[in-house]
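Spelled out, the chains give:
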Amino acid sequence: MNITAALGFLWDYRLALFIGLGNTLYFTAVGLAFGLALGFLVSVVRQVGHPVLKVIATVYVEIFRGTPVLIQLFWFFFCLPALLGMELGNVFSTVLTLSLYMGAISSESFRAALKAIGSEQRDACVALGLPARVSVPYVILPQTVMRAVPTLLSNCVTLFKESALVSAVGMADLMYQGQMIADATARPIEILTATALIYFVIAFSVTRTVTFYERSYLSRMRL
Amino acid sequence: MGRYTWDFSVITANWDPLMAGLSVTLQLTAICAVIGLVGGFVVCQMVMSRIAPLRWVAVAFIELFRCTPALVQIIWIFYCVPFFFGVFYDPFYMAILALGMNITAFNAEAYRAAIQSIPSSHYDACTALGMSPLKKTIYVILPQAVLMAIPVLLTNTIGLLQQTSLVAIVAIADLMYEGKTLATQTYRPIEIYTTVAFIYFALSVPLSQVVGLCERRLRSRLA
Amino acid sequence: MSSSFLNVQGLRKSFGGHLVVLDDINFQMEAGERVVVIGPSGSGKSTLLRCVMGLEKIDHGRIELEGVRYIEANPKSHKDNFVDIPVRNKVGMVFQHYTLFPHLTVLGNLILAPMRARGESRSSATQRAMQLLGRLGLESKAGAFPGMLSGGQKQRVAIARALLLDPKIMLFDEVTSALDPELVTEVEGLMLELAEQKMSMMIVTHDMWFAKRIATRVIFSADGRIIEDAPPSTMFTNPREPRTADFLKKVLHVETIS
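Cut-offs applied
Residues numbered from 1 in each chain as written. Chains lettered and ligands numbered in written order. Predicted model: local features only at pLDDT ≥ 70, side-chain atom pairs only at ≥ 80, totals over all residues. Heavy atoms only, no water. Helix = DSSP H or I, 4+ residues; strand = E, 2+ residues; numbered from the N terminus. Rg over C-alpha atoms; globule rule 2.2 N^0.38 Å. Buried < 20%, exposed > 50% of the residue type's maximum accessible area, 1.4 Å probe, protein only. Contact = heavy atoms within 4.5 Å. Lys, Arg positive; Asp, Glu negative; His and termini not counted. Charge placed at Lys NZ, Arg CZ, Asp CG, Glu CD. UniProt positions renumbered as here; feature names shortened; annotations may be inferred. Salt bridge = Lys/Arg side-chain N within 4 Å of Asp/Glu carboxyl O. 1 Å grid on protein atoms, 1.4 Å probe; cavity = no way out; pocket = protein on both sides within 12 Å on 5 of 7 lines; lining within 4 Å. Points joined across faces, edges and corners; volume = space filled by probe spheres on them. Nonpolar A, V, L, I, M, F, W, Y, C, P; charged D, E, K, R; others polar. Buried area = accessible area lost by both parts, 1.4 Å probe. Polar contact = N/O pair within 3.5 Å; in protein donor to acceptor, adjacent residues only side chain to side chain. Core = buried A, V, L, I, M, F, W, Y, C linked by side-chain atoms within 4.5 Å. Pairing = 2+ DSSP bridges. Axes fitted to C-alpha atoms, helices over the stretch in contact; angles between N-to-C directions.

Peer 1: Sorry, what's going on with the overall build of chain C here?
Peer 2: Secondary structure summary: chain C contains nine helices and eleven strands in total. Its C-alpha atoms give chain C a radius of gyration of 19 Å, within 12% of the compact-globule value 18 Å for 258 residues. Counting the 258 residues in chain C, one finds 57% classified as buried. Taking as baseline every contact in chain C between residues at least 6 positions apart, the subset at least 24 positions apart corresponds to 60%. Computed over 31 positive and 29 negative side-chain charges, the separation of the two mean positions in chain C equals 5 Å.

Now the structure itself:
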């Protein structure tokens, strides 16, 4: 195999790959936005919510962590619309699944971070006469977020990687485009390797950022 | 909502293919779990080795498999291994290769983190007791590392169980694949996908309970 | 209503209703007194301080500062006591494990409460904080994060953080127990300075020599009760109660200290 030829071949399909990457990033970003908000909410509910809400939140988290994302996608694509008796739209089903999945895995990260703030920090807030309107935004929240950031970022990488599954329900993401081109041209090696590399570069840079953040900020503060 | 009439007779009528699929899923999981437990430890030793090229290979292997989607790995191996080596193995073995390498990479990280969490005072204690490096590894480091790594190794195994569903995309007749086939054949996707999801869930939950138990025991034992 | 500066009346505290940690504690102190509480582990010393700070829900009793009741058991509520927060805020406390906010600098730790809870301007709070840090020789550490400080520095910052709120009384809960021995003196020195300035203090410590040096009064507590309450001269040389003598003998390995 000739590298120049391979690169030239890939260059011909750059637009298709680019569109696929755009969709992958779009699905991931929307899933992240809704998922993180949901995850934080669920972690708070599991910490301080009404007992009934706590049970609901726990069941939700366990179901989405305890089943393959692929079956979740299939369920929201084929079962939910039938149950509701209405069309949901493929993009909506995709984004809904990814958001719910992200909500479940990130809620665990938030929960661990909330737990890690010891009761001693809360005692200090009382001893300094800090009311909740001060202690929550200035003491509890910043520490929760700073502690949660490394695991949340790896949750993001997980979601980014899991988003490749949407190709199985026909969404035109990077994986889907790669497979389509591979099938159409019968040259899977170049195109699948390129696809893998694109995923790798993005996921790897985020992972490195996490390590850097942990080393520079968290260790300095001994959080 | 509510208009849909559930009919689970489709499950009982198709019990055999579902169970056959489940058996494939469990075989894949079990074989890859063993590969991952052993392979992960070997790769982890390579990462911590004093021979630099060995280290580089191991780190590249880990990062490559951790930073790309499992689906991409499976598809890549399915398309590209026959091309490169001119051989075509049974898809089941290809799936074992892909999933086995994937979990090996994740487990290697789990072992490494566990070994690094052993305080340096233990190494000093071994030296003070006049233990040889080999004895130190076998009697002090290894048991602790395995013990500390157990929760993450188990969590990775739960992840593996869920990742095996990806092989359905390359037409290996696992639980997911049988579900998909039945759903299209019988036009009852709701019952079938819900049942399949429930089976995965029922397999994951006890495992995650064991993880929680292990973490609590470890915390009290090593406190 | 009593005329005492700090007045603890009929204080009872249990965990889960059966494990009684403090049992009918009655205790008064005057302004400027320095009361050191000693006793075996689990005797409720720290819990007493935590109750005075309002960190624990009490089963029974009331606590007054300068004649004003600020904590009282509320038998109807399982969760909370009656707490007069403005009065409670006149009490300052320092803990064994520093409890500095790790995400804020030293200066940030000091000015958070004055600014956000008391409405002081940033410039005024910063000025007072820098002055205080200067007095403690910690001026150069104002921009540092707590994780970069030694244990002794952390504990002095924690004391400064409490002092900046102008407390009427300071509670010290085993503040030197987590410190390396060579760092203990810098913290104890600061506490002795505060003593010279007639700060009212309640101190829980295991360091009997320090107790003897700083206390105007020593309380020996065991099994949730105050067994003996005496000036340090009597307590350490000629304790009245056999239990006190027994305890002191164990911790000091000698009959008395002089």
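Peer 1: Teacher, can you tell me more about the arrangement of the chains here?
Peer 2: With two pairs of chains in contact overall, the greatest share of contacts is found between chains A and B. Of all C-alpha pairs spanning chain B and chain C, none lies closer than 18 Å, and the two are not in contact.

Peer 1: Hey, could you run me through the UniProt feature "domain: ABC transmembrane type-1" (unreviewed entry) in chain B in this one?
Peer 2: Per the UniProt record, "domain: ABC transmembrane type-1" (unreviewed entry) is annotated on residues 18–211 of chain B. Note that residues 18–211 of chain B is 84% helix and 0% strand, and that its end C-alpha atoms are spaced 28 Å apart.

Peer 1: Explain the pattern of salt bridges to me, please; I cannot follow it from the model alone.
Peer 2: Two side chains of opposite charge can pair, provided their charged atoms sit close to one another. In total, this model carries 25 salt bridges over all chains according to the counting rule given. For Glu191(B), the salt bridge identified is with Arg188(B), shortest N-O distance 2.9 Å. Classification of Arg188(B) by relative accessible area gives partly exposed; the value is 23%. Put simply, Arg217(C) and Asp229(C) hold a salt bridge, and the shortest N to O gap is 2.8 Å. With a gap of twelve residues between them, Arg217(C) in strand β10 (residues 217–222) and Asp229(C) in strand β11 (residues 225–230) connect regions that are remote in the sequence. A single network of salt bridges, built from pairs that share partners, joins Arg46(A), Arg65(A), Glu108(A) and Arg111(A).

Peer 1: Help me understand the layout of surface pockets in this model?
Peer 2: One water molecule sets the probe size; rolling that probe over the atoms shows where empty space is left. Looking at the second largest pocket, its volume works out to about 380 Å³. Lining of the second largest pocket is provided by 16 residues; of these, Arg122(A), Cys125(A), Val126(A), Leu130(A) and Ser135(A) occupy positions nearest its centre. Taken together, the elements giving at least two residues each to the lining of the second largest pocket come down to α6 (119–127) and α7 (132–162) of chain A together with α2 (85–88) of chain C. In terms of residue count, α6(A) provides more of the lining of the second largest pocket than any other element does, five residues in total. Across the lining of the second largest pocket, the residue classes tally to nine nonpolar, four polar and three charged.

Peer 1: Where do I start with the interface of chain C and chain A in this structure?
Peer 2: Interfaces are often described in size by the accessible area the parts lose on coming together. At the junction of the two partners, chain C supplies 24 residues and chain A supplies 22 residues. Buried area between chain C and chain A, both sides added, is near 2,100 Å², and the carbon and sulfur share of it is 67%. Taken together, the connections running from chain C to chain A amount to one salt bridge. Put simply, Asp123(A) and Arg50(C) hold a salt bridge, and the shortest N to O gap is 2.8 Å. The interface formed by chain C and chain A contains five residue pairs in polar contact (both at pLDDT 80 or more). Of all elements in the fold, only α1 (45–53), β7 (91–94) and α3 (106–117) of chain C reach the threshold of two or more residues within the side of chain C that touches chain A. Take the side of chain C that touches chain A: its biggest share by element is four residues, from α3(C). Classifying every residue of the side of chain C that touches chain A by side-chain character gives 14 nonpolar, six polar and four charged.

Peer 1: How should I be thinking about the nonpolar core in this particular structure?
Peer 2: Nonpolar side chains tend toward joint burial in soluble globular proteins. Counting residues in hydrophobic clusters, the biggest one holds 95 residues, and the most contacted among them are Ile191(A), Leu28(B), Ile74(B) and Val167(B). Of the residues forming this core, the biggest block, eleven residues, is contributed by helix α4 (residues 69–84) of chain A. Not counting residues within four places of it along the chain, the set of residues in contact with Ile191(A) comprises Phe9(A), Leu10(A), Tyr13(A), Leu17(A), Gly178(A), Ile181(A) and Ala182(A). Leu164(C), Val175(C), Ala195(C) and Ala222(C) belong to the second-largest nonpolar core, a separate cluster that totals 55 residues.

Peer 1: I would appreciate a short explanation of the sheet that holds β7(C) in the present structure.
Peer 2: Where strands meet in a sheet, backbone hydrogen bonds hold them as pairs that are either parallel or antiparallel. All names here are of chain C. Reading across from one edge, β7-β8-β9-β3-β10-β11 is the order of the six strands in this open sheet, with mixed pairing throughout. Whereas interior strands pair on both sides, the edge strands pair on one side only; in this sheet they are β7 and β11. In this sheet, neighbouring strand axes are inclined to one another by 20° on average, regardless of whether the strands run parallel or antiparallel. Where β7 and strand β8 (residues 169–173) come together, four bridges link them in parallel fashion.

Peer 1: Would you mind going over the interface of chain A and chain B with me for this structure?
Peer 2: Counting residues at the interface gives 36 residues for chain A and 35 residues for chain B. When the two sides are added together, the surface that chain A and chain B hide from each other amounts to roughly 3,300 Å², 77% of it contributed by carbon and sulfur. Contact with chain B buries surface across chain A, with Ile71(A), Leu83(A) and Lys161(A) losing the most and accounting together for 17% of the total. A salt bridge links Glu63(B) to Arg208(A); its shortest N-O distance comes to 3.0 Å. In this assembly, chain A and chain B are joined by eight residue pairs in polar contact (both at pLDDT 80 or more). Listed by contribution, the elements that provide at least two residues to the side of chain A that touches chain B are α3 (51–66), α4, α7, α8 (174–185) and α9 (188–221) of chain A. Among the elements that line the side of chain A that touches chain B, the one with the most residues is α9(A), at eleven residues. Along the lines of polarity and charge, the residues of the side of chain A that touches chain B split into 24 nonpolar, six polar and six charged.

Peer 1: Just checking my understanding: could you explain the sheet that holds strand β5 (residues 68–72) of chain C for this structure?
Peer 2: Residue and element names in this part refer to chain C. Taken in spatial order, the five strands make up an open sheet running β2-β1-β4-β5-β6, and their pairing is antiparallel. The outermost strands of the open sheet, each flanked by one partner alone, are β2 (19–29) and β6 (82–83). As judged from the five bridges shared by strand β1 (residues 6–15) and strand β4 (residues 60–65), these two strands associate in the antiparallel manner. The partner of arginine 12 across the bridge, within β4, is histidine 60.

Peer 1: Looking at this structure, how should I read the pairing of strand β9 (residues 200–204) of chain C?
Peer 2: Within a regular strand, side chains alternate between the sheet's two faces. Residue and element names in this part refer to chain C. With five of five residues buried, β9 lies mostly within the body of the structure. Burial along β9 is two-sided: the residues Ser200, Met202 and Val204 and Met201 and Ile203 are all buried. Sheet topology note: the strand β3 (residues 34–38)/β9 ladder contains four bridges and is parallel. Bridged to valine 37 within β9 is valine 204. Sheet topology note: the β8/β9 ladder contains five bridges and is parallel. Each residue of the ladder has a partner; that of isoleucine 169, found in β9, is serine 200.

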